[in-house]
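Single-letter residue listing:
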Amino acid sequence: AQSVSQHNHHVILSEAASLELGCNYSYGGTVNLFWYVQYPGQHLQLLLKYFSGDPLVKGIKGFEAEFIKSKFSFNLRKPSVQWSDTAEYFCAVNAKAGNMLTFGGGTRLMVKP
Amino acid sequence: DTAVSQTPKYLVTQMGNDKSIKCEQNLGHDTMYWYKQDSKKFLKIMFSYNNKELIINETVPNRFSPKSPDKAHLNLHINSLELGDSAVYFCASSQVPYRETQYFGPGTRLLVL
């Protein structure tokens, strides 16, 4: 069975700091990869996704993620965070051979103004 | 023109009661899902339906019964509510099962007293 790990449970940054959130998955085959964001009191929204092609994908609000197949990773990055990026971030993986979209445990990001 | 909507947004009820949560999507998607998000923000799939047919039923107590009257609706009925059912329940939809972006509803915050 596939699993997804997000090692950073809580991250606190000051505005303008750079962000990198880790995501590792355990499935050895072909995967689809997603990052979702949940702002306080709101529903999950898609930040970006990777299906194939260029392993560096760009999403909304200046976020990007890099798929490194050899490391089973899909880390999320942003060069300069803003207070409005305060939210919970979820990595999700779907094995193309399967039917399951598995979410990581989430990373709570707090950006101090 | 909300894409995925859920009602009610908040639900407070006593142990032992039966309650329903409704979900509707106007995206024309074939697949709908129910997720449970616990107090630690861990998000776990409960059910998914494709074209009104159940395709995934995770280890969920049979007190939970999804019903899909048509492709645009997936309701969740819960019998004999327990304290541990308190959580946020998210409905989602996608064009095909799992392998495409899922669009989430705003969530229903259920509190069982």
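Residues numbered from 1 in each chain as written. Chains lettered and ligands numbered in written order. Predicted model: local features only at pLDDT ≥ 70, side-chain atom pairs only at ≥ 80, totals over all residues. Heavy atoms only, no water.

As a further point, take unusual backbone geometry. Glycine aside, residues mostly have negative phi, and peptide bonds are mostly found in the trans state. For the peptide bond that leads from B:Thr7 to B:Pro8, omega is -5 degrees, which places it in the cis range. Tracing the sequence through the fold places B:Pro8 in the loop between β1 (4–7) and β2 (10–13). Unlike most non-glycine residues, A:Lys61 shows phi in positive territory, near 60 degrees. Within the secondary structure layout, A:Lys61 lies in the loop between β7 (56–58) and β8 (64–68). In this structure A:Lys61 comes out as partly exposed when scored by relative accessible area, which is 47%. With phi around 50 degrees, A:Phe72 is a residue other than glycine that occupies positive phi space. Its place among the elements puts A:Phe72 in the loop between β8 and β9 (73–78). (Helix = DSSP H or I, 4+ residues; strand = E, 2+ residues; numbered from the N terminus. Buried < 20%, exposed > 50% of the residue type's maximum accessible area, 1.4 Å probe, protein only.)

Pairing of side chains with opposite charge becomes possible as their charged atoms draw close. By the definition in use, this model includes eight salt bridges over all chains. Note that A:Glu64 and A:Lys58 form a salt bridge whose closest N and O atoms lie 2.8 Å from each other. Judged by its relative accessible area of 63%, A:Lys58 is exposed. A salt bridge links B:Glu82 to B:Arg63, with the shortest nitrogen-to-oxygen separation between them at 3.5 Å. Taken together, the residues B:Glu82 in the loop between β8 (73–78) and β9 (87–94) and B:Arg63 in the loop between β6 (53–57) and β7 (64–70) connect sequence positions 19 residues apart. Taking the relative accessible area as the measure of exposure, B:Glu82 reaches 42% and is therefore partly exposed. Where salt bridges share partners, they join A:Lys58, A:Glu64, A:Glu66 and A:Arg77 into one cluster. (Salt bridge = Lys/Arg side-chain N within 4 Å of Asp/Glu carboxyl O.)

Shape descriptors only; they carry no functional weight alone.
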